[in-house]
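Residues per chain are reported as follows:
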Amino acid sequence: MNIDTTKTVREMALNIPGATRVFEKFGIDYCCGGNKPLEKACSEANLQIQPVIDSLESAVVEYRRSNSVDLQDEDWQNAPLGDLIAHIQDTHHKYVKAEIARLEPLFEKVCQAHGSKHAELFELRADFRALAQELTTHMMKEEMVLFPHIERMEESFLAGEPILPAPFGTVGNPVTKMVQEHDSAGILLRHMRQLSNGYGIPEGACTSYKTLYWALAEFERDLHQHVHLENNILFPRAIKTERGEKSCPH
Ligand SMILES: [Fe+2]
Ligand SMILES: [Fe+2]
């Protein structure tokens, strides 16, 4: 993608996926002071324009990469479980952690500016905090306990060795718990969608408000894909591996 530098920062924030993250990283104001071309915004902030353009381009590439990789379910049915786990961690876990850190201050800003007229923002923030807390512990359990166990099972299976028992019994036990936690995250996401009227942008919303709503809608989309990969592909394949069955159709 060629970045058109005659566009204003605000236009870029609205039209280039991932642009707001880049602007935040460089300290470029895309909200109240965003109505100026990128070149002017960079010179005012004493920044070289090229690194900003490079970052915008890689944000677009990264966005396309993560979205297209996610679509190839068939590949994940056949790929080694270790690769699927690496993909879940590198794409989805990393994204969830980065967004939790980014959205908390953005919520603060939007609640302060618009909370008096839009009281639902406070409830939305409380839901997001609860979701963030649940997901942080949930991902830690996956990364520290369940995923390493699945990787060890796959190694033993491929080496033709017996699968050693885990302290938590069968793999179905942590899997059941993880699925329950996914359901609980799904309930919070549905409530957030209801509160925000489907992330509909109200009239008079500033760029930060819009950015927050788009980010929350994207967070929801990503979590759906993330949970789909675990519930529908990784976990059933792990259960098959534990039984000593081949977990992929080919
Ligand atoms: Fe996960
Ligand atoms: Fe999970």
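Our structure's up above, just so we're on the same page.
Residues numbered from 1 in each chain as written. Chains lettered and ligands numbered in written order. Predicted model: local features only at pLDDT ≥ 70, side-chain atom pairs only at ≥ 80, totals over all residues. Heavy atoms only, no water.

A. How the structure looks around the overall build of the protein. Counting its regular elements, the protein contains nine helices and zero strands. Reading the protein from its N end, one meets helices and strands in the order α-α-α-α-α-α-α-α-α. When its C-alpha atoms are laid out on the principal axes, the protein stretches across 65 × 40 × 25 Å. In the protein, buried positions account for 44% of the 250 residues. Look at the contacts in the protein between residues 6 or more apart in sequence, and 74% of them connect residues 24 or more apart. Where the 26 positive side-chain charges of the protein centre and where its 37 negative ones centre are 4 Å apart. (Helix = DSSP H or I, 4+ residues; strand = E, 2+ residues; numbered from the N terminus. Buried < 20%, exposed > 50% of the residue type's maximum accessible area, 1.4 Å probe, protein only. Contact = heavy atoms within 4.5 Å. Lys, Arg positive; Asp, Glu negative; His and termini not counted. Charge placed at Lys NZ, Arg CZ, Asp CG, Glu CD.)

B. Structural view of a nonpolar patch on the surface. A surface patch of nonpolar side chains, about 240 Å² in accessible area, is lined by Leu14, Ile201 and Trp214. Along the chain, leucine 14 falls in helix α1 (residues 9-15). (Patch = residues over 30% accessible without salt bridge, like charges linked within 9 Å, V, L, I, M, F, W, Y side chains within 5 Å. Areas by Shrake-Rupley, 256 points an atom, 1.4 Å probe, with all protein chains shown as cover. Salt bridge = Lys/Arg side-chain N within 4 Å of Asp/Glu carboxyl O.)

C. Spatial organisation of the coordination of the iron ion (ligand 1). With distances of 1.9 to 2.2 Å, the protein atoms coordinating the iron ion (ligand 1) are His93 (NE2), Glu142 (OE), His226 (NE2) and Glu230 (OE). Seen from the iron ion (ligand 1), its four donor atoms lie at angles of 87 to 166°, and the figure they make is irregular. Separating the iron ion (ligand 1) from the iron ion (ligand 2) is a gap of 3.2 Å, bridged by glutamate 142, which donates to each. Separated by four residues within a single helix, histidine 226 and glutamate 230 lie in helix α9 (residues 207-242), roughly one turn from each other. (Donors = N, O, S within 2.8 Å, 3.2 Å for Na, K, Ca; no water. Tetrahedral: all angles 85-135°; square planar, octahedral: opposite > 155°, others 65-115°.)

The quantities given are spatial measurements derived from coordinates; they are silent on function.
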